[in-house]
Amino acid sequence: MAKKEATPNMVEQFAEFKELKNIDKTTMISVLEESFRNVLAKMFGTDENLDVILNPDKGDVQIFQNLTVVPDGEVANPNLEISLSDARADDDPEAEVGEEHTKEIFFDKFGRRAILNLRQTLQSKILDLQHEAVFEKFKDLEGELVSGEVYQTWSRETLLLDDEKNELLLPKSESIPGDFFRKGETVRAVVANVDNKNNNPKITVSRTNEQFLRRLFELEVPEIHDGLINIRAVARIPGERAKIAVESYDDRIDPVGACVGVKGSRIHGIVRELRNENIDVINYTANPSLFIQRALSPAKISSIRLDEEEKKAEVFLRPEEVSLAIGKNGLNIKLASMLTGYTIDVYRDTAESFEEDIYLDDFKDEIEEWIIEALKNVGFVTAKSVLNAPRDMIVEKADLEEETVDALLAVLRAEFED
């Protein structure tokens, strides 16, 4: 009875592990064979002369011991040798001294302790394999979006379980201010870090990581998922405000409009997920001056001086625009610096005639829009900033024809003469 119960039960037990832990058949056979060999090696002192033949599909496990035939009375190690008479009596009547005799071993005859040891060894190896598989799976998922159900919440972290019951740890420091989770609630986050200390994988997830914002946009905006729109930069102060710079590879697609959606339909879902975190979506440009201007929106810049080597920018604004550029608690200028990679210093433009200055955008009826954009791209935003600059510098920096610059200056001067 022992033989009939022991081997099939062990195979069934392994099959249960296979179903839950996603272990492939080849690995299953290898682990089962290794488990048998480990237990047998302890029993016989070696497994080198043992053959283990497995057929898990049928529940068959056969073990054969290869022994060297020696003369009667000269058996020194029964685990390696067999006497001539015993070999001939064991269904091998033509055995000769010096030949190899194969003897089948019935594992169940070694008792319950041996079977228990085998099961424990098997379970230990399966657990090690599972830990390795979990580590490798989530290591590949670092920076990717995952979902988990809230299992338990403590003061410093929340434990989530994914669909396969893998444990995901969401530390308080990686939660958005205002996050409050109930048991059983589904929570989304990105995999921030995975380590495998002592073969015990620890998966840490985050909702404050900038990758979380990227993945949410990929999820909500099909054009980003399809590669038509690219997220070039992200700056974020979790729970407060974020800025994201996007560009389109298709001139027919407005990247900002696509990300926001009709009446904000696309961005509203992201804002709700981020606990009402305000999100500014801006058009990316490789021109640092224009990029900084856009990053400081909604403030309107009068002029800007850049030090590209030091990554510093001096921005001049009308007095009433300064507070907009800095933002509440300094958030706007801090995020603009994070987004552009420039240290930004804001100054009030104190020119006496400043109150009379006019933004170039107000001249679109008289000056072609491409000329205005060329000027803005090199830091000229208002009429006075152009008029106060040397003519040759305007020609060179904006890459405009001399005749075009002369006509432009004439229009601007006429406005103030009037």
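As the structure is a prediction and not an experimental result, all values here were calculated from the model. (Residues numbered from 1 in each chain as written. Predicted model: local features only at pLDDT ≥ 70, side-chain atom pairs only at ≥ 80, totals over all residues. Heavy atoms only, no water.)

Draft legend 1. Broad picture of the overall build of the chain. Looking only at helices and strands, the chain has 15 helices and 15 strands in total. Taken over the C-alpha trace, the chain has a radius of gyration of 37 Å; the compact-globule value for 418 residues is 22 Å, which it surpasses by more than 25%. If you line up the chain on its principal axes, its C-alpha atoms span 125 × 45 × 35 Å. Residue burial in the chain is summarised as follows: out of 418 residues, 44% are buried. For the chain, long-range pairs separated by at least 24 residues make up 59% of all intrachain contacts whose partners lie at least 6 apart in sequence. (Helix = DSSP H or I, 4+ residues; strand = E, 2+ residues; numbered from the N terminus. Rg over C-alpha atoms; globule rule 2.2 N^0.38 Å. Buried < 20%, exposed > 50% of the residue type's maximum accessible area, 1.4 Å probe, protein only. Contact = heavy atoms within 4.5 Å.)

Draft legend 2. Here's a closer look at the sheet that holds strand E15 (residues 343–348). Strand order across the open sheet formed by 3 strands is E13-E14-E15, with mixed pairing between neighbours. In this open sheet, the two strands that pair with only one neighbour each are strand E13 (301–307) and E15. On average, each strand axis in the sheet is inclined to that of its neighbour by 20 degrees, with strand direction left out of account. The sheet contact formed by E13 and strand E14 (residues 312–317) spans 6 bridges and is antiparallel. (Pairing = 2+ DSSP bridges. Axes fitted to C-alpha atoms, helices over the stretch in contact; angles between N-to-C directions.)

Draft legend 3. The arrangement of helix H12 (residues 369–377) in detail. For H12, every residue scored as buried is listed here: Ile371, Ile372, Ala374, Leu375 and Lys376. Looking at the buried residues of H12, the elements they touch are helix H9 (288–295), helix H13 (383–387), helix H14 (391–398) and helix H15 (402–417). Gly379 occupies a position one or two residues after H12 and carries a positive phi of about 100 degrees.

Draft legend 4. Inspection of the sheet that holds strand E10 (residues 229–237) at higher detail. One open sheet holds the 3 strands; their spatial order is E10-E11-E12, and the pairing between them is mixed. A strand with exactly one partner marks an edge of an open sheet, and here the two such strands are E10 and strand E12 (278–283). On average, each strand axis in the sheet is tilted by 20 degrees relative to the strand beside it, whichever way the strands run. When strand E11 (residues 241–248) meets E12, the two strands line up parallel, connected through 6 bridges.

Draft legend 5. Focus on unusual backbone geometry. Geometrically, the link from Ser297 to Pro298 is a cis peptide bond, its omega value of 15 degrees lying close to zero. Its location among the elements puts Pro298 in the loop between H9 and E13. Of note, Lys311 is a non-glycine position whose phi angle comes to about 55 degrees, a positive value. By the secondary structure assignment, Lys311 is in the loop between E13 and E14. Phi is positive for Asn329, which is not a glycine, with a value near 60 degrees. In this structure, Asn329 sits in the loop between helix H10 (319–326) and helix H11 (331–340). According to the relative accessible area criterion, Asn329 is exposed, its value standing at 70%.

Draft legend 6. Structural detail: the packing of H9 against H11. Two elements in contact, H9 and H11, have axes whose closest approach is 9 Å; the angle formed by their N-to-C orientations is 145 degrees. Where H9 crosses over H11, the handedness of that crossing is right-handed. Across the interface between the two elements, Phe291, Ile292 and Ala295 from H9 touch Asn332, Ala336, Leu339 and Thr340 from H11. Tallied by class, residues from the contact of H9 with H11 come to 5 nonpolar, 2 polar and no charged. (Left-handed = near helix turned anticlockwise from the far one by under 90°. Nonpolar A, V, L, I, M, F, W, Y, C, P; charged D, E, K, R; others polar.)

Draft legend 7. Just a negative patch on the surface, in detail. On the surface, Asp72, Glu74, Asp86, Asp90 and Asp91 cluster together into a patch of negative charge. Tracing the backbone through its elements, the reader meets Asp72 in the loop between strand E2 (60–70) and strand E3 (81–83). For Asp72, a relative accessible area of 48% translates into the label partly exposed. (Patch = residues over 30% accessible without salt bridge, like charges linked within 9 Å, V, L, I, M, F, W, Y side chains within 5 Å. Areas by Shrake-Rupley, 256 points an atom, 1.4 Å probe, with all protein chains shown as cover. Salt bridge = Lys/Arg side-chain N within 4 Å of Asp/Glu carboxyl O. Lys, Arg positive; Asp, Glu negative; His and termini not counted. Charge placed at Lys NZ, Arg CZ, Asp CG, Glu CD.)

Draft legend 8. Highlighting the pattern of salt bridges. Enumeration over the complete set of coordinates arrives at 27 salt bridges. Between Asp280 and Arg241 there is a salt bridge, and its shortest N-O distance comes to 2.7 Å. Of this pair, Asp280 sits in strand E12 while Arg241 sits in strand E11; the two residues are 39 residues apart in sequence, bridging distant segments of the chain. Judged by its relative accessible area of 16%, Arg241 falls in the buried class. Ionic pairing is found between Arg391 and Asp406, a salt bridge with its closest N-O pair at 2.7 Å. Here Arg391 is found in helix H14, whereas its partner Asp406 is found in helix H15, with 15 residues between them in sequence. Judged by its relative accessible area of 29%, Arg391 is partly exposed.

Draft legend 9. How the structure looks around the confidence of the model for the chain. Per-residue confidence for the chain averages 86 on the pLDDT scale, and 92% of its residues sit at or above 70. Note that pLDDT drops below 50 for residues 1–10; the model gives that stretch 15 contacts with residues more than four away or on any other chain. (pLDDT = per-residue confidence, 0-100.)

Draft legend 10. Looking closely at the packing of aromatic side chains. Counting across every chain of the model gives 2 aromatic pairs. Residues Tyr284 and Phe291 carry aromatic rings whose centres are separated by 5.1 Å and whose planes lie at 75 degrees to one another, so their mutual orientation is edge-to-face. Judged by relative accessible area, which is 22%, Tyr284 ranks as partly exposed. For the ring pair Phe316 and Tyr347, a centre distance of 5.4 Å and an interplane angle of 25 degrees mean the geometry is stacked. With Phe316 in strand E14 and Tyr347 in strand E15, this pair connects stretches of sequence that are 31 residues apart. Since its relative accessible area comes to 16%, Phe316 is described here as buried. Taking the ring centre of Tyr151 as reference, the NZ or CZ of Lys183 above it sits at 4.3 Å. Positioned above the aromatic ring of Tyr359, the side-chain terminus of Lys300 is 5.1 Å from the ring centre. (Phe/Tyr/Trp six-rings, centres within 6.5 Å; stacked < 30°, edge-to-face > 60°. Lys NZ or Arg CZ within 6 Å of the ring centre and 35° of its normal.)

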